[in-house]
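# Structural description and commentary
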Amino acid sequence: MNFNDDKDDFFDGPDIQQTPKAPKLPELKPEDPDYWEQEESEFEHLIPKRNTSWRLWLWVAVAGVAVGFIVAVYLHYFSPYVSDAVQYGYVEDIQKRGAVFQTYEGVILPYKELMDTTRVYREDFKFSVKDPKVATLLRRMQYANLPVRVEYKRYHASLPWRGESKIIVIAADTADPAKILPPEFAPSL
């Protein structure tokens, strides 16, 4: 390797003089009288202005997210998605449950499931009752082995003070089996 070449070395020459930078002038604000007398750059209009209202938009965004969250929680837990629905059947069981929040939990065997001979029995109608008067009426129907008509609301989720079920029975009454069942299954009175 030959390190002796005829090329000029960059570091061997005379020192390059650096030109001193002009001192940076303080940035004037519109409140200063000199602000309006200074010369404007020809590219000044191209520089985007700083948005000082970003805090306002941040608060608007946070408030929007909070309102959206509150509406979502209300719709999921407190607003029923099925109202004034009706179910007919026989009360199989009703009992009082709960350590802190006492509610009545029950099961109804639905007419449409009992009388359908073409499909396999799918499921019982499980519900909760908050009103003790409605629960007492349902218990009487259970002991008398009478058909019952219940009105209920269905929620997306259950809450401890509403009961274990998403279905809340709000009213109950006796049902006439002759009007509910098809004519071939209607009892002769």
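Calculation rules
- Residues numbered from 1 in each chain as written.
- Predicted model: local features only at pLDDT ≥ 70, side-chain atom pairs only at ≥ 80, totals over all residues.
- Heavy atoms only, no water.
- Helix = DSSP H or I, 4+ residues; strand = E, 2+ residues; numbered from the N terminus.
- Buried < 20%, exposed > 50% of the residue type's maximum accessible area, 1.4 Å probe, protein only.
- Lys, Arg positive; Asp, Glu negative; His and termini not counted.
- Salt bridge = Lys/Arg side-chain N within 4 Å of Asp/Glu carboxyl O.
- Polar contact = N/O pair within 3.5 Å; in protein donor to acceptor, adjacent residues only side chain to side chain.
- Contact = heavy atoms within 4.5 Å.
- Patch = residues over 30% accessible without salt bridge, like charges linked within 9 Å, V, L, I, M, F, W, Y side chains within 5 Å.
- Areas by Shrake-Rupley, 256 points an atom, 1.4 Å probe, with all protein chains shown as cover.
- Core = buried A, V, L, I, M, F, W, Y, C linked by side-chain atoms within 4.5 Å.
- Expected span 1.5 Å × (residues − 1).
- Arc of directions from axis to C-beta.

What follows covers the side chain of E105. Within the secondary structure layout, E105 lies in strand β2 (residues 103-110). Within the buried set, E105 has no salt-bridge partner at all; the shortest N-O distance to an opposite charge, 5.1 Å, is to R97. Polar contacts involving the side chain of E105 include one to the side chain of T103, which spans 2.8 Å. In this structure, E105 is in contact with D93, I94, Q95, R97, F127, S128, G163, E164 and S165, ignoring residues within four places of it in sequence.

A cluster of nonpolar side chains, V67, V71, Y74, L75, Y77, F78, V100, F101 and W161, forms an exposed patch at the surface whose accessible area comes to about 910 Å². Here Y74 shows up in helix α1 (residues 54-78).

We now examine the pattern of salt bridges. Applying the stated criterion across every chain, the model contains two salt bridges. Across the salt bridge formed by R97 and E164, the nearest N and O atoms sit 2.9 Å from each other. Separated by 67 residues along the polypeptide, R97 in strand β1 (residues 82-97) and E164 in the loop between β4 (147-154) and β5 (167-174) bring together distant segments of the chain. In this structure R97 comes out as partly exposed when scored by relative accessible area, which is 32%. In this structure E164 comes out as exposed when scored by relative accessible area, which is 53%. We note a salt bridge from E151 to R149, for which the minimum N-O separation is 3.0 Å. Accessibility expressed as a relative area gives 25% for E151, which makes it partly exposed.

Let us now look at the nonpolar core. Generally speaking, a soluble globular protein has its nonpolar side chains buried in company with each other. Residues F127, V129, L138, V148 and V150 are the most contacted members of the largest nonpolar core, which totals 18 residues. At the level of secondary structure, the elements contributing two or more residues to this core comprise β1, β2, β3 (125-129), α3 (132-144), β4 and β5. In terms of residues, this core owes the most to one element, α3, which gives four residues. Not counting residues within four places of it along the chain, the set of residues in contact with F127 comprises I94, Y104, E105, G106, V107, I108, L138, S165, I167 and V169.

Turning to α3, a few remarks are in order. In a regular helix each residue adds 1.5 Å, so 13 residues correspond to 18 Å; α3 covers 18 Å between its end C-alpha atoms and thus fits that length. Taken together, the buried positions of α3 are V134, A135, L138 and M141. Taken down its axis, α3 places every buried residue within 120 degrees of arc, on the same side. The exposed residues of α3 that point more than 90 degrees off its buried face are K133, R140 and Y143. In this structure, the buried residues of α3 make contact with β1, β2, β3, β4 and β5. Two residues or fewer after α3 comes N145, characterised by a positive phi angle close to 55 degrees.

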